[in-house]
Amino acid sequence: MSNIEIKNVEGQAAGTVELSSSVYGIEPHIPVVHQVVTVQLGNLRQGTHDTKGRSEVSGGGAKPWRQKGTGRARQGSIRATQWVGGGVPFGPTPRTHNRRLNNKEVKLAMRSVLSGKLRDGELTVVDNYGFDKPCTKQAVAMLKALGLEGKRVTLVVADDDIFTYLSFRNVETVRLVACSEATTHALIDNAALVLDAAGAKYFEEVLA
């Protein structure tokens with residue numbers, strides 16, 4: 001177990017929280033993080049990209065010119081791949097990019113990201129967001145107090161914390177992620193990661 005300093009919304013120290021070193025204190029496993037992020041990004045792709053081969057392009061039924069005697073190279077169709085407007089050779093076709101990962105790999109990657117963020121000073125733990133109503137002005141003031149103004153921030157909120165979500169959703173530099181929907185890519189794709197004390201404990205319980 002290790003103690004992590006937590007702050008309040010004014011940016012002042014508000015004590016410490018004891019978290020498991022097996023989640024927030026491991027040596028990051030970079031290859032697994034890379035593999036998991038690559039798979040997660042691939043799973044987001046629609047896979048609807050498509051090009052037409054020479055058999056799918058319209059026209060080109062007649063031979064452009066006779067085989068011999070013109071002095072030019074022989075051609076069989078204006079829809080061959082070497083012609084402008086012809087078919088595309090070996091182009092992409094609709095397919096799925098989905099791949100599966102072992103749960104152990106996913107958990108190891110998330111533990112690696114959380115540990116790396118804490119080691120690099122990019123993890124901020126807040127005692128409580130404290131929004132009793134939606135207020136973007138209060139949200140911006142909180143970021144400024146924490147020294148995160150202008151940075152790309154990933155803010156992890158509880159699934160039912162509607163007021164915090166509504167307060168930060170219009171802040172351009174903030175990406176909101178629910179605890180249950182957090183992924184390795186969401187946690188690592190930022191310059192600062194912000195959790196509340198409950199969210200930090202949530203990851204400790206899920207990933208331990």
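Data block above holds the structure.
Now for a look at the structure at hand. (Residues numbered from 1 in each chain as written. Predicted model: local features only at pLDDT ≥ 70, side-chain atom pairs only at ≥ 80, totals over all residues. Heavy atoms only, no water.)

Remarks on the pattern of salt bridges
- Here the structure, examined in full by the defined rule, presents five salt bridges.
- The partner of Arg119 in a salt bridge is Glu27, and the shortest N-O contact between them spans 3.8 Å. Pair noted here: Arg119 is in helix α3 (residues 103-119) and Glu27 is in the loop between α1 (21-24) and α2 (30-43), with a separation of 92 residues, a long-range link. Summarising the burial analysis for this pair, Arg119 and Glu27 share the class exposed.
- With its nearest N and O atoms 3.5 Å apart, the salt bridge here joins Asp189 to Arg152. Separated by 37 residues along the polypeptide, Asp189 in the loop between α6 (184-188) and β6 (192-196) and Arg152 in the loop between α4 (136-145) and β4 (153-157) bring together distant segments of the chain.
- Each of Glu27, Arg119 and Asp120 takes part in one network of salt bridges that share partners. (Salt bridge = Lys/Arg side-chain N within 4 Å of Asp/Glu carboxyl O. Helix = DSSP H or I, 4+ residues; strand = E, 2+ residues; numbered from the N terminus. Buried < 20%, exposed > 50% of the residue type's maximum accessible area, 1.4 Å probe, protein only.)

A closer look at unusual backbone geometry
- Positive phi, normally seen in glycine, also occurs at Phe90, with a value near 55°.
- Tracing the backbone shows Phe90 in the loop between α2 and α3.
- Overall, the relative accessible area of 87% leaves Phe90 in the exposed class.

Section: α2
- With 14 residues, α2 extends 20 Å from end C-alpha to end C-alpha; this agrees with the ideal 20 Å at 1.5 Å per step.
- Burial in α2 covers these residues: Val32, Val33, Val36, Val37, Val39, Gln40 and Gly42. (Expected span 1.5 Å × (residues − 1).)

Note that every value here comes from positions in space, so none of it alone points to a role or purpose.
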